[in-house]
Amino acid sequence: MVLHVRGVVLPDDEVRDLWLTEDAVSLEPLPGARTVCTEGWILPGLVDAHCHIGIAYGAKPVRDVRHARELALVDRDAGVLALRDAGSPVPYPELDDDPDVPRLARAGRHVAPVRRYLRDIGAEVTAEDVVDEVVRQARAGNGWVKLVGDWIDRGVGDLAPAWSADALRAAVAAAHAVGARAAAHTFSEEAVEILVRAGVDSVEHGTGLSLDLVDTMARNGTALVPTMINIENFEEIAAQAQPRFPGYAAHMRALHRRFPEVVAAAYEAGVPIYVGTDAGGGIHHGLAASEMLMLRDKAGMAPVDVLAAASWKAREWLGFAGLTHGGLPDLTVYPADPRTDLRVVQAPRHIILRGRVVTP
Ligand SMILES: [Zn+2]
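Fair warning: this is a prediction, and the values are worked out from it, not measured in the lab. (Residues numbered from 1 in each chain as written. Predicted model: local features only at pLDDT ≥ 70, side-chain atom pairs only at ≥ 80, totals over all residues. Heavy atoms only, no water.)

### Side note on the overall build of the protein
- When its secondary structure is counted, the protein shows 11 helices and 21 strands.
- For 360 residues, the compact-globule estimate of 2.2 N^0.38 gives 21 Å, and the protein sits close to it at 20 Å.
- Partitioning the contacts of the protein with sequence separation of at least 6, the portion at a separation of at least 24 is 67%.
- Counting only carbon and sulfur atoms, one obtains 50% of the accessible surface of the protein, whose full area is about 14200 Å².
- The averaged location of the 49 negative side-chain charges in the protein is 3 Å from the averaged location of its 36 positive side-chain charges. (Helix = DSSP H or I, 4+ residues; strand = E, 2+ residues; numbered from the N terminus. Rg over C-alpha atoms; globule rule 2.2 N^0.38 Å. Contact = heavy atoms within 4.5 Å. Areas by Shrake-Rupley, 256 points an atom, 1.4 Å probe, with all protein chains shown as cover. Lys, Arg positive; Asp, Glu negative; His and termini not counted. Charge placed at Lys NZ, Arg CZ, Asp CG, Glu CD.)

### A short note on the sheet that holds strand β10 (residues 103–106)
- One open sheet holds the 3 strands; their spatial order is β6-β9-β10, and the pairing between them is parallel. Each of the sheet's edge strands pairs with one partner strand only, and the pair in question is β6 (46–51) and β10. Each neighbouring strand pair of the sheet contributes to a mean axis angle of 20°, computed without reference to strand direction.
- As judged from the 4 bridges shared by β6 and strand β9 (residues 80–85), these two strands associate in the parallel manner. Considered in β9, the bridge of Asp48 is made with Leu83. (Pairing = 2+ DSSP bridges. Axes fitted to C-alpha atoms, helices over the stretch in contact; angles between N-to-C directions.)

### Side note on the coordination of the zinc ion
- Summarising the metal site, the zinc ion is bound by the protein donors His50 (NE2), His52 (NE2) and Asp278 (OD), whose distances to it range over 2.0 to 2.1 Å.
- Within one chain, the residues donating to the zinc ion are spaced in sequence as H-x1-H-x225-D. Taken as a pair, His50 in strand β6 and Asp278 in the loop between α8 (246–269) and α9 (288–297) lie far apart in primary sequence, 228 residues in all. Per residue, the accessibility class of His50 equals that of Asp278, and both read buried. (Donors = N, O, S within 2.8 Å, 3.2 Å for Na, K, Ca; no water. Buried < 20%, exposed > 50% of the residue type's maximum accessible area, 1.4 Å probe, protein only.)

### Considerations on the pattern of salt bridges
- If you walk through the whole model with that rule in mind, you get 20 salt bridges.
- One salt bridge connects Arg253 with Glu235, and the closest N-O pair in it is separated by 3.2 Å. Remark: Glu235 occurs in helix α7 (residues 234–241) and Arg253 occurs in helix α8; sequence separation between them is 18 residues.
- Arg253 gets classed as partly exposed once you look at its relative accessible area, which sits at 22%.
- One salt-bridge network, held together by shared partners, links Arg69, Asp98, Asp100 and Arg356. (Salt bridge = Lys/Arg side-chain N within 4 Å of Asp/Glu carboxyl O.)

### Things to note about the pairing of β9
- Taking burial as the measure, the 6 residues of β9 include 6 buried ones, the bulk of the element.
- Examined bridge by bridge, β9 and β10 share 4 bridges and lie parallel to one another. Among the inter-strand pairings, Arg84 is bridged to a residue of β10, identified as Ala105.

### Some points on the packing of aromatic side chains
- Taken as a whole and judged by the stated rule, the model has 5 aromatic pairs.
- Relative to Trp317, the ring of Tyr274 has its centre 4.2 Å away and its plane inclined at 10°; by these criteria the two rings are stacked. Remark: Trp317 occurs in helix α11 (residues 312–318) and Tyr274 occurs in the loop between α8 and α9; sequence separation between them is 43 residues. For the pair shown, Tyr274 and Trp317 are each scored as buried.
- Feature note: the residues Tyr117, Trp151, Phe187 and Phe234 constitute an aromatic cluster, connected by ring pairs.
- The aromatic ring of Trp144 is capped on one face by Arg84, whose charged end is 4.6 Å from the ring centroid. (Phe/Tyr/Trp six-rings, centres within 6.5 Å; stacked < 30°, edge-to-face > 60°. Lys NZ or Arg CZ within 6 Å of the ring centre and 35° of its normal.)

### Things to note about helix α3 (residues 165–177)
- Here α3 contains 13 residues, and its C-alpha end-to-end distance of 18 Å stays within 8% of the 18 Å for a straight helix at 1.5 Å per residue.
- Those residues of α3 not exposed but buried are Ala167, Leu168, Ala171, Val172, Ala174 and Ala175. An end-on view of α3 places all buried positions within 160° of arc, on one side of the element. Residues of α3 that are exposed and angled more than 90 degrees away from the buried face: Asp166 and Ala177.
- Contact partners of the buried residues in α3: α2 (130–140), β13 (144–148), β15 (158–161), β16 (181–186) and α4 (189–197). (Expected span 1.5 Å × (residues − 1). Arc of directions from axis to C-beta.)

Laid out in structure tokens, this is it:
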């Protein structure tokens, strides 16, 4: 079945006709096409650049691959047609080719420090085993490795790097040596500095970034996936930790308070920013639009830049072609221009994934 759509195609801002097979976009007419729409604003399919379909709400591993698939479909039905899976306790390479599932850029399991990270989620290793584990998880994924760069150290009573600075640097180098890109979770000032200087490919959250580091990221093209919607949970994390770890609680509150300024500074400096929700821990699936609105409202990003961060630029970053001739037939259609009213991204009128109409 060939589909035909017509509308204003972004980012080029031109009225175009697109013909879609299950494999590719054609700018030349194809015979026997069924017309899906003749007006609207057409966006290359949205991307959630930090998402966990292997983790159900409440930070619990999914039961099985079917459960992971169900979570992926929640994202798909919100218009997210590609996602970067930033760590999963359950492997599901078979979903890469599942026609109903958004396109996946996957890390293997989170590589995490021993008995400090979320239960049953990460592959927990000491500093001396980090490199071997990074190589193992690079092979389990399809291009990414996820490092847990810091977490609470209950002995210290505050955030602390997962391992020594040398081990963190070795972890990033090991990922690169086997051809994978490294994404690092970090909340603290200390770990993010080590990781950015070590050449990590993307900073996840990055609440501890300084202005200096933001400039370094911009210069090196290091990405930031702030997951602002998830950082809103810091107050609750702090409240729970308050009785036993008051220093950690105060630190988390301070990081939360200054975070909009950090993201705004990164945006001003020209750091590549992408939309990610961190769905799976303290965030439900299907909320990419909420993160987009937060980037506009809290970090002051222009709507067109938010759209780029959630669509064409994110797709390019992850290697998923857009709506060019021969590109991937994944798109969403909106009844109004999302550049003038970003709220329309909450309700796409049509969703097409792999050349097939998605009916939520
Ligand atoms: Zn995450």
